[in-house]
Amino acid sequence: MPSETTQLRIYCVCGQKMKVSEDMFGRPGKCVACRQKIRIPKPEEMPPNTTELYLKDHPEFLRKVKHRPIDEQEVSPIPEQEEGKRRRSSTPIDVLEPLRLLCNLRDKVERQLEAFSESKEGASGKLQETNKAELLGYRARIKNAQADLEEDLRQRLMETAIELANVQEKIAGLCLAVRVGESTFAGYLEQVDKLRRKRDHFERRQVNLRGWLTVDDPHLAGGHLEVTFDQIPRGEPRVSLPAESDGQGSLLDWHVEELRQALDVRAAAERKLGEAERMKTGAAMSERSLEEIRLEAQGERTRARARVQFCRERLEQLAEDYASDMQAIDAQLDHARGRLKAGRTTREQFNQAEQNCNRSRADLMKARAVVVRALSANTVEEVPRLRGTFIERLARPSTGTRATADVWVAAAAACLLFAVLGLPVAGTFSPLKALSTLQPQGGDAHWLVSFPSVLAILAVLSAFIPFRATRGLLFTAVWLIGSLLSVAYLHEAAYAIGIVETQLREGGPLLTRTGIIVFTAGMSLLGLAAAMALLPLRETRAVFPIAALVLAAGIGAVVTDFGGYRLPKPDVQASSVPIDGVSPLMYETKLTVQNNGGRMLILASEMTMHNAFSFILESRIGTESWAEVREPVSVQVSGRPEPQQATGAKIVPVASDSNATYTYRLKPGTYRVLLQAHDPVRSRQFAPFTLAAAAPGSAAQPGLPAVPGGQPADPGSAQQISNELLRQITAQVELRAIIAAQGKPANFSIAVTLPDGRSRTGTYTVGAEVHDGWSVREFNPNEQTVTLSKDRDVLIIRRGAPYVLAPPNGYQ
């Protein structure tokens, strides 16, 4: 039994210390902090000379919650504050939504009961009694729900207090182990940092639980809500408490940023309260509404002050932790000197250990200076900004210990990018198959292999970066640059002439191919990894949305060819002059194709590029019928004649702001120009023009735009034009290969290029017809030549050179 002069102190499961007076023994009570119902023991129930009683060791003195009223009056022991400790606020830091709902429901039912009792008018007395009974039933249900919630919160508070005590004991054990030399300082830092994070997490949870158990004001519980009685909870509620943080960054960074946000919230709440205090009632606002605004602002300010107080307490504890770490460094140095004197370590090892300890001490001193500045801050502007590499070194123990979710997502993205190498991308060709098949034929298939491989390797290398912000920035850079380059490459492939680009254009839409789908999924996962790494960090939170906007704008610019600026824009102009001395009447007509766009225009037959068009001149042969005109006499690009193999509309490139001029010898009639694309939607048809049967000299035809440089033809040049025409409308042959084996007839691979630019390759033997009556006459194995003949015409061809056949029969 305790003596008369000795006072009993009870420690609740929440950690609250309370003093018991003599008249309280044997009576029911409750904790002044967490409202845990307890039973104060009688003097004879305790061992003699007991001065302290811990309820977590004596659960028999904890009382269960009862829904029925208890007539016996409860007492509250006097709370005590440990020397040198600041008294903690009973206001919660975070908002618990079930508690906020119940507080608003209780406030609503109390207000309605109060208004009901004050009302003297209205319905009959029986109806009033019925409404009052319903309200009393609602109040009873709300009280029962609150009792269940409090019981759950007390159980959580007890669990939190026990876990917090265990963590503090582990921290103390680590401090002792490092000081006596049983563990290294690096290992101590890695372990103690995790435990300190858990300690701060449990401290915050304990403050919240204590506050939630004491709060009954809806404004302190989170603010006013519009609620109905249908929202009264049924059954026992289960509270979902915030999970522990992922351990990114240092504790100093976390607490300083938390203090900055708390001061910002407090300043906003004080401004709101000041505005509410200056408001006046009137027609637009009643006294009750104004009072509600004031109470709301006061509740926000109270919660903000409690949050500021908690942040400052954590910073003070962090300063004590740093002081303990510096003492551990001194102890480590003393042990290192002892090992050096005893010869158990070398001078180089000692110097390295001393250098590491000195750098750690300097980092801790800088961190303590930041803590001091943060504790003296009373506004957001006064909170220091964390800069310097020592911040990353302080965060090092919490990084790199385990792979976070963004790392695993990036690894999955890399696997998908590597899988693209074996899936169809260019037609039926996978990147690896294209590299072995199309690359020897002059294609650039190595880009299909190297590009996804480089992206996958960069993603894997970035995943090994221990610092989350740096890792997230690298993920974002690889995702942004890789996505833009891939979209640009696939888009530009529609305008390229290579064999790989041709395969990319064939085989249906790109987004339906397996390789492209997997590549898109891989890049999407890489973007998700970047978002998961950056969005939780305050200092880099805006980077990913900005990168996403840049990517969207870049893709839009690429696929629209920068709003049409990068598209070829052909325009055709015609001019005609009669040829003197020629009968019947003939016109020398020049058709100029001007490219006014920002991309090269290709005039060629049967090309699948999006900027390729077949130049076709047609003449009217009936009311609605048109026939294609034979090949032009000559083709000039920007005034320069095209080479022999390009003449005849084979491939005529027209650069931006350049033109190509087609020269024809035409009879009088009506003609029109078509630019026919592989996709009919992009084909262009220009207005017809007419060449009169009686030409007015050398003037340009009425209604036709004049072409620069379109001068009348010299009469003496008619024969030259005729010779040029003969040379341009004939086919060409080329001997590609000779296949001869002993005892078997020889076979010859001969390519025939037609006047319209089309070509075909076939295998022939002696006597076979090659083209238009030309047949293989004989083979000279010594000279390796093949003789072609037609009627009386003979042509000897060799391998590797094109040969022009004679004009077709019937040419005039």
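Residues numbered from 1 in each chain as written. Predicted model: local features only at pLDDT ≥ 70, side-chain atom pairs only at ≥ 80, totals over all residues. Heavy atoms only, no water.

*Asks:* Account for the overall build of the chain, naming residues and giving values.
*Replies:* The number of helices and strands found in the chain is 15 helices and 26 strands. Split into buried and exposed, the 812 residues of the chain put 43% on the buried side. Within the chain, contacts between residues at least 6 apart in sequence are counted, and of these 69% link residues at least 24 apart. Carbon and sulfur atoms make up 52% of the accessible area of the chain, which totals about 42600 Å². (Helix = DSSP H or I, 4+ residues; strand = E, 2+ residues; numbered from the N terminus. Buried < 20%, exposed > 50% of the residue type's maximum accessible area, 1.4 Å probe, protein only. Contact = heavy atoms within 4.5 Å. Areas by Shrake-Rupley, 256 points an atom, 1.4 Å probe, with all protein chains shown as cover.)

*Asks:* Describe the pairing of strand 9 (residues 601-604), naming the residues involved and giving the relevant values.
*Replies:* Every second residue of strand 9 is oriented toward a common face, with L601 and L603 on one face and I602 and A604 on the other, all of them buried. Where strand 9 meets strand 14 (residues 651-654), 4 bridges bridge the pair, whose relative direction is antiparallel. Note that in strand 14 the partner of L601 across the bridge is V654. (Pairing = 2+ DSSP bridges.)

*Asks:* Go over the environment of D334 with me, naming the residues and quoting the values.
*Replies:* Assignment of secondary structure puts D334 in helix 5 (residues 287-341). Counting along the chain gives 153 residues from D334 to G181, while the straight-line C-alpha distance between them is 9.4 Å. A polar side-chain atom of D334 sits 3.0 Å from a polar atom in the side chain of R337. (Polar contact = N/O pair within 3.5 Å; in protein donor to acceptor, adjacent residues only side chain to side chain.)

*Asks:* So, the pattern of salt bridges: which residues are in play, and what are the values?
*Replies:* With the rule as written, the count across this model stands at 28 salt bridges. Between D200 and R199 there is a salt bridge whose closest N-O contact spans 3.2 Å. Assigned by exposure class, D200 and R199 land together as buried. Close ionic contact of R307 with E258 constitutes a salt bridge, the shortest N to O distance being 2.9 Å. With R307 in helix 5 and E258 in helix 4 (residues 251-278), the pair connects residues that are 49 residues apart, well separated along the chain. (Salt bridge = Lys/Arg side-chain N within 4 Å of Asp/Glu carboxyl O.)

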